[in-house]
Structure formats: C-alpha cells, structure tokens
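Single-letter residue listing:
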Amino acid sequence: MTTAAHEIVDFDDAINRYDPVLGLEVHVELNTASKMFCGCSTEFGAEPNTQTCPVCLGLPGSMPVANAKAIESAVRIGLALNCDIAEWCRFSRKNYFYPDMPKNYQISQYDEPIAFDGWIDVDVDGETFRVEIERAHMEEDTGKSTHVGGSTGRIHGADYSLLDYNRCGVPLIEIVTRPIEGAGAKAPEVAKAYVGAIRDLMKALDVSDARMERGNVRCDANVSLRPDPAAEFGTRTETKNVNSLRSVEGAVRHEIMRQAAVLDAGGTVTQETRHWHEDTQSTTAGRPKETAEDYRYFPEPDLVPVAPSRAWVEELRANLPEPPAQRLQRLAGEWGFSDREFGDVVAADAVDLVDETVRAGCAPQAARKWWLSELARRANEAGVAPEDLGVTPAQVAEVQALVDEGLINDKLARQVFDGVLAGEGTPREVVEQRGLVVVSDDGALSAAVDAAIAANPDVAERIRGGRVQAAGALIGAVMKEMKGQADAARVRELILEKLT
Ligand SMILES: [Zn+2]
C-alpha cells in the first residue's frame, strides 16, 4: 500500500500514536586555509575550478597529505563534545561514484573515528536535553554541481549540469549522534536546538565560519517512528543537507507527520534519503539509502595513521574556549539586560556583535540598541546578515562615544552610519567632513528658540501657565529648524529659562 507524498497527519495526532526517534548527522566545513589533503585554497566564492590540483581532482599517481590544522580542529571539536580522542586511527576510502567527486571515492573515516563517545547538553524551552554523540570523524567535501534548466534545480529535468571542484577536498568533520529517544513532541525543537548548539560551538572554537546559509554547517536528519518507546526502532529516512535551523525543525516535523500517515494507512516506511523543500515545507523521496556494506570501505593506503599524543590532546583540552551556553549565562549577567532584552539579542543572532561592541568600549544597552534597531533595519533592507553590513563593532562603539561626548545625537548618528557605509571614513571623520556636530552654542540656539516661541504662541502660553511637558513641541520645532543638529537638552533648558 502506498500513500501520496502530500498525505500527512496532524502533528499532535502523530505524536499521540507514535514515538519519534532521531539521528542527526552534522557536517561542519572547517575554516583551514588549505584543503584536507592538498595545498589548494579553501577561499569561498572564487571562480569555479580555479582552486584545484592533481590531488583534489583525483588524477592518477597524486598523493594526499593530511592537513595538520584540520586534525587539530578535529581533536578540539571532539574534546568540546566531551568525546574520547583516539590514540591511533586511520582514514578509509568510501567507494561510490558521484560526478562531483572525481576520485570516485571519498577519503573518510569508518571504524576508527578520531573522536567518539561524547555528549552535549542542549536547551529547549529552558529544559536541558542531553544528546549523546556517537562519533566525530574527518573527511573531505565533494565538489558542487549546478543543474541548469528544469524547474527544480535538481538533476531530473535539467538541460545540463555544471561542476565546480573548488570545494572538492575541503576538510569536513561529520558529527553523528546516537539515536535520540524520549524527545516526544519536542523532537523537532530538540533537533533545531542541537544543530544550533553545534553551530555555536564551532563558532566558539573558531574551527569553522559556521555560516549555515553558505553550507558550512549542514544537517542530515534521520527520523523514524515506532508505536511506543518500548518497541524496536522503525525504518528511518534521512533528509539530506538541511541548512538552516528553521528547516531542521521543519524537516523533522514534516517527516513525523508523513511517516505517521504511511503507518496509519498500513504501509511501510521506505529506507531512503529525502530532500527538504523550503517553499512547501515538505520532503520528497531521493534515492534508496545505502548501507555501509555498499561502500566497500577499506583503509586508505596512501595516508599514514593519525596518532595524537596524549600530551598534545591535554594541551588542546586545557586551551578550549568557554562553552557557548556558559558564555551566554556570563554575558547575560555582565550586560544586565532583562530576560526579554537578552532573548532578543540571542534571537537576532547578535550576541557576538554586541559582545565585540561592548568590548570596544560601548555601554551594553547602547550596543544592543544600535545592533537591534538601526543596524538590523539596514541589514534587513540590504538583505544581508548584520555582520556583513559593512559597519564593524568598533565603529559602532566609536559612534556611541561621539554621542556620549555630546558631539552628535542619535539622529545625527544615523547620518554617521550613512557616511561610514558610503566609505567616507571612520565615524569621527564622517562627523568632521559632513559637519554633523550638534550645536550647543547658546547664541545660535537662543535665536532658534526665540523663533520657535514666536511661531507657536499657544504652546508658549501653556508653558508659561506651568505645563512644562508642552516644551516637547517647541524642542521639536527647534530640532527641525536646525536639521537635527541642536543639543536637545540645552534647547529644553533655554525654553524653560525664557518661559518660566
Ligand atoms: Zn588540490
């Protein structure tokens, strides 16, 4: 019996009848300068096929050499995931044909991963959920195929395909969880929180750019259902290359609802890979899933075993950064934000930006204000992440320093950001060149205040009558007259001096 791809049951109904089990495989692209087994650059965004050599093109007779920095990163990742580090391990060849992998095998690790038996705690709605790590192993990335023509961007229906081997051989760490049981209705959130925690950890370790939209961190989500937690695992599907946190949650949620529909109808779930579609928030069938036997793994004969010395491992352990969850707790305390303010910073993915701005000398509340309002708005309009806007944390701190000095106000600060983004120099240079300095000279201000009083006699009368709060309207008139460059506090004083 088969069910159509679009048949799903309500999520709550699915959870009432079935117990979901997850298995998450996260691929992390390391940020080493060169590839895993050759000296080619890993720089993102280069012209296609300009960063290749005989080794990563798989030409006969070429010999790989393992990247020492990548091995160090692998060990640090393993340690940060509370794993044991292998005293001795080898690379393996994983044999399969794929057009974006010119060797026709991938160098990976099979039964001897560099790190194994770890765990990480993730936070879901304030509740801690421990995810056990089975292994973290080293491998190389494949090239990138672009299928041109056709409506789906996939190979089916395409007119032709383009291959870019620049990514071929870029170092990857694959982190594999043990089966995640007991998450129940929270399974989609647990998956999302786990991938988010891995991403944050990679950033903290500085082993990857950890940009999900660039595919630096991508998740294969295995999902299966069983009638109850005591039953054996059901047949799983693997939704491949999910590359945003929201999509991880959506893919797990959809697979639970889809598999429940298959099982409800008396069908069986097919063991296969699936593709996630952001537009329809659903998955479709890929290829039948191979088992490990299909890959004919064998130890890679061209590479020596990796044997990290215990002294080196302990040295790396001693120099691990503060764990991301602990850092968040510390920053929340140091910044003195309300839970809601801090939550907004986390949700906006602006923790690092605010932190760097504060460390550049800015008050936490001011740093939060700039990154979450003015700069978030500009980034949104430009369609880029705030860190790619072109304004650095140090510049934001400098703008706020100019405000604190009384040289400019918030309104003028926006024009300073305009200037910085237009390449007119540092904030201070923009202020000087554009002549943006706030006027607090009493002569100029006094004349403007007199003009505002003359133009608004009714308002002036109310202030004379004791309604001091009406001064706001006159301050506004003066600011408008002086194009925002008046010292608002001094204007207020002058108005009150003249009228009360
Ligand atoms: Zn190369």
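This one's a predicted model, so the numbers in the text were calculated from it and none came from an experiment.

How each quantity is defined
- Residues numbered from 1 in each chain as written.
- Predicted model: local features only at pLDDT ≥ 70, side-chain atom pairs only at ≥ 80, totals over all residues.
- Helix = DSSP H or I, 4+ residues; strand = E, 2+ residues; numbered from the N terminus.
- Buried ≥ 20, exposed ≤ 12 C-beta atoms within 10 Å, placed from the backbone.
- Contact = placed C-beta atoms within 7 Å.
- Pairing = 2+ DSSP bridges.
- Axes fitted to C-alpha atoms, helices over the stretch in contact; angles between N-to-C directions.
- Parallel < 35°, antiparallel > 145°, perpendicular 65-115°, else oblique.
- Left-handed = near helix turned anticlockwise from the far one by under 90°.
- Nonpolar A, V, L, I, M, F, W, Y, C, P; charged D, E, K, R; others polar.
- Domains from an automatic or database assignment.
- Core = buried A, V, L, I, M, F, W, Y, C linked by C-beta atoms within 7 Å.
- Expected span 1.5 Å × (residues − 1).
- Arc of directions from axis to C-beta.

A.B. asks: Residue-level account of the overall build of the protein, with values.
C.D. replies: When you go through the protein residue by residue, the secondary structure sums to 17 helices and 14 strands. C-alpha atoms of the protein, sized along the principal axes, occupy 90 × 55 × 50 Å. Across the 500 residues of the protein, 37% fall into the buried class. Partitioning the intrachain contacts of the protein with sequence separation of at least 6 by distance along the chain shows that 68% fall at a separation of at least 24.

A.B. asks: Tell me about the sheet that holds strand E14 (residues 298–299), residues and numbers included.
C.D. replies: Strand pairing within a sheet occurs via backbone hydrogen bonds; the two strands may be parallel or antiparallel. With antiparallel pairing, 3 strands are arranged side by side in an open sheet as E4-E3-E14. Every interior strand has two partners, whereas the edge strands, strand E4 (105–108) and E14, have only one. Note: strand E3 (residues 92–95) against E14, 2 bridges, orientation antiparallel. By the bridge assignment for E14, Ser 92 is matched with Pro 299.

A.B. asks: Break down unusual backbone geometry for me, with residues and values.
C.D. replies: Most of the time, phi is negative for any residue but glycine, and the peptide bond is trans. Of note, Asn 49 is a non-glycine position whose phi angle comes to about 60 degrees, a positive value. In this structure, Asn 49 sits in the loop between strand E1 (19–29) and helix H2 (68–80). Under the C-beta neighbour-count criterion, Asn 49 is labelled partly exposed, with 14 such atoms within 10 Å. For Asp 206, which is not glycine, the phi torsion reads 55 degrees and is therefore positive. Inspection of the secondary structure assignment puts Asp 206 in the loop between helix H3 (187–205) and strand E10 (217–226).

A.B. asks: So, the sheet that holds strand E9 (residues 171–177): which residues are in play, and what are the values?
C.D. replies: Across the sheet, which stays open at both edges, the 9 strands sit in the order E2-E5-E6-E9-E1-E10-E11-E12-E13 with mixed pairing between neighbours. The outermost strands of the open sheet, each flanked by one partner alone, are strand E2 (84–85) and strand E13 (282–288). In this sheet, strand E11 (residues 237–242) lies alongside E10 in antiparallel orientation, the contact comprising 4 bridges. For Cys 219, the partnering residue across the bridge sits in E11 and is Val 242.

A.B. asks: Describe the packing of helix H8 (residues 351–359) against helix H11 (residues 393–404), listing the residues and the values that go with them.
C.D. replies: Axis separation between H8 and H11 bottoms out at 8 Å; the angle between their running directions is 55 degrees. The orientation of H8 with respect to H11, classified from their angle, is oblique. Where H8 crosses over H11, the two elements pack in a sense that is right-handed. Residue-level inspection shows Leu 353, Glu 356 and Thr 357 of H8 in contact with H11, the latter providing Pro 393, Val 396 and Ala 397. A per-class count over the contact of H8 with H11 returns 4 nonpolar, 1 polar and 1 charged.

A.B. asks: Quick rundown of the domain arrangement of the protein? Include the residues and the values.
C.D. replies: Parsing the protein into structural domains produces domain 1 (11–312), domain 2 (322–434) and domain 3 (442–499). The gap between the C-alpha centroids of domain 1 and domain 3 is 64 Å.

A.B. asks: Requested: an account of the nonpolar core, with residues and values cited.
C.D. replies: By size, the foremost hydrophobic cluster in this structure holds 74 residues, and its most contacted members are Leu 22, Ile 114, Ala 136, Ala 191, Tyr 194 and Ala 221. Breaking this core down by element, the ones donating at least two residues are E1, H2, strand E5 (115–124), strand E6 (127–140), E9, H3, E10 and helix H4 (245–264). With 10 residues, the single largest contributor to this core is H3. Cys 362, Val 396, Val 416 and Val 420 belong to the second largest nonpolar core, which has 46 residues in total.

A.B. asks: Can you tell me about the packing of helix H14 (residues 442–455) against helix H17 (residues 488–499), naming the residues and giving the values?
C.D. replies: Relative to each other, H14 and H17 sit at 60 degrees, their axes nearing to 10 Å. Considering their axes alone, H14 and H17 lie oblique with respect to each other. In the crossing of H14 with H17, the sense of the turn from one axis to the other is right-handed. From H14, Leu 445, Ser 446, Val 449 and Ile 453 reach across to H17, where they touch Arg 490, Val 491, Leu 494, Ile 495 and Lys 498. Across the contact of H14 with H17, the residue classes break down as 6 nonpolar, 1 polar and 2 charged.

A.B. asks: Explain H17 to me, using residue names and the numbers behind them.
C.D. replies: Its 12 residues give H17 an end-to-end C-alpha distance of 17 Å, which sits within 8% of 16 Å, the value for a rise of 1.5 Å per residue. Among the residues of H17, those classed as buried are Val 491, Leu 494 and Ile 495. Each buried residue of H17 lies within a common arc of 100 degrees when the element is viewed along its axis, so the set occupies one face. Taken together, the buried residues of H17 touch H14 and helix H16 (471–481).

A.B. asks: An account of the environment of Tyr 295 is requested, with residue identities and associated values reported.
C.D. replies: Here Tyr 295 is to be found in the loop between E13 and E14. Sequence separation of Tyr 295 and Lys 94 is 201 residues, and the distance between their C-alpha atoms is 5.4 Å.

A.B. asks: So what's going on with the environment of Trp 370? Which residues, and what values?
C.D. replies: Within the element layout of this structure, Trp 370 appears in helix H9 (residues 364–372). A count of 28 C-beta atoms within 10 Å places Trp 370 in the buried class. Counting along the chain gives 337 residues from Trp 370 to Ala 33, while the straight-line C-alpha distance between them is 33 Å. With residues up to four places along the chain from it excluded, the contact list for Trp 370 reads Leu 375 and Val 396.

A.B. asks: Mind laying out helix H15 (residues 457–464), listing which residues take part and the relevant values?
C.D. replies: Val 459, Ala 460 and Ile 463 are the residues of H15 that are buried. In an axial view of H15, the angular spread of the buried residues amounts to 100 degrees, which keeps them on one side of the axis. Facing away from the buried surface of H15 by more than 90 degrees, the exposed residues are Pro 457 and Asp 458. In this fold, the buried residues of H15 make contact with H14, H16 and H17. Phi turns positive one or two residues past the end of H15, at Gly 466, with a value near 105 degrees.

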